[in-house]
Amino acid sequence: MPRIIVDVMPKPEILDPQGKAIAGALQRLGQTGFSAVRQGKRFELTVEGEVTEEILEQARHAADTLLSNPVIEDVTRVEVVKDATIGVGE
């Protein structure tokens, strides 16, 4: 079944305390190759049947009005993934 992936990130001007905590933990674990971390949210919306332009527009609307807080977050991706197996490095 196809899925629509929605990624949401804090706006660049917004402080990201979770990202800072992760960055500090990476340093303490010896992972020194990273200078900063920003933590966001990922949503996977499973679609029954074909992803039409109408369904994709519904996903964009949900991303802008429900899945993100437009005051402090940006929707960075709304993308259709047809492969049922979604994982790191797709």
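About the thresholds
Residues take numbers from 1 onward in each chain, read along the sequence in its written order. Where totals are concerned, whole chains, interfaces and linings use all residues; where local detail is concerned, this predicted model gives features only for residues with pLDDT of at least 70, and gives and counts side-chain atom pairs only at 80 or more. No hydrogens and no water enter the side-chain calculation; it runs on all heavy atoms of the structure. UniProt positions are given in the numbering used here, feature names are shortened, and annotations may be inferred rather than shown by experiment. In short, DSSP must find at least two bridges between two strands for them to pair. Labels follow the DSSP assignment, with helices taken as runs of H or I lasting at least four residues and strands as runs of E lasting at least two, numbered in each case from the N terminus. Interaxial angle, 0 to 180 degrees, is taken between N-to-C directions of lines fitted to C-alpha atoms, where a helix line uses only the stretch in contact. Only heavy atoms enter the contact rule, under which two residues are in contact if any of them lie within 4.5 Å. Remark: nonpolar core denotes a set of buried residues (Ala, Val, Leu, Ile, Met, Phe, Trp, Tyr, Cys) joined through side-chain atoms within 4.5 Å. Summary of the burial criterion: residues with accessible area below 20% of their type's maximum are buried, those above 50% are exposed, and those between are partly exposed, where the area comes from a 1.4 Å probe applied to protein chains only.

- In the nomenclature of an unreviewed UniProt entry, the protein chain is known as Phosphoribosylformylglycinamidine synthase subunit PurS of Arthrobacter mobilis.
- Heading Subcellular location (unreviewed entry) of the UniProt record for the protein chain holds this comment: "Cytoplasm".
- One UniProt comment on the protein chain, placed under Pathway (unreviewed entry), says "Purine metabolism; IMP biosynthesis via de novo pathway; 5-amino-1-(5-phospho-D-ribosyl)imidazole from N(2)-formyl-N(1)-(5-phospho-D-ribosyl)glycinamide: step 1/2."

**Points about the sheet that holds strand β1 (residues 3-10)**
Next up, step 1: On the basis of which strands lie adjacent, the open sheet formed by three strands has the order β2-β1-β3 and antiparallel pairing. Strand pairing shows two members of the sheet lacking a second neighbour, β2 (41-46) and β3 (73-81), which therefore form its edges. Sheet twist, expressed as the average angle between the axes of neighbouring strands with direction ignored, equals 15 degrees.
Next up, step 2: Examined bridge by bridge, β1 and β3 share eight bridges and lie antiparallel to one another. By the bridge assignment, R3 is partnered in β3 with V81.
Next up, step 3: Most of the contacts of helix α2 (residues 53-67) go to β3, to which it runs at about 155 degrees, and overall it touches β1, β2 and β3.

**A short note on the environment of I4**
Next up, step 1: Structurally, the position occupied by I4 is in strand β1.
Next up, step 2: With residues near it in sequence (within four places) discarded, I4 still touches F43, E44, L45, V47, V51, I55, L56, A59, V78, E79 and V80.

**Here's the deal with the nonpolar core**
Grouped burial of nonpolar side chains is what soluble globular proteins tend to show.
Next up, step 1: Grouped together as the largest cluster of nonpolar side chains are nine residues: I4, V6, V8, V47, V51, L56, A59, A63 and L67.
Next up, step 2: In terms of residues, this core owes the most to one element, α2, which gives four residues.
Next up, step 3: The contacts of A59, once residues within four sequence positions are left out, are I4, L45 and V78.

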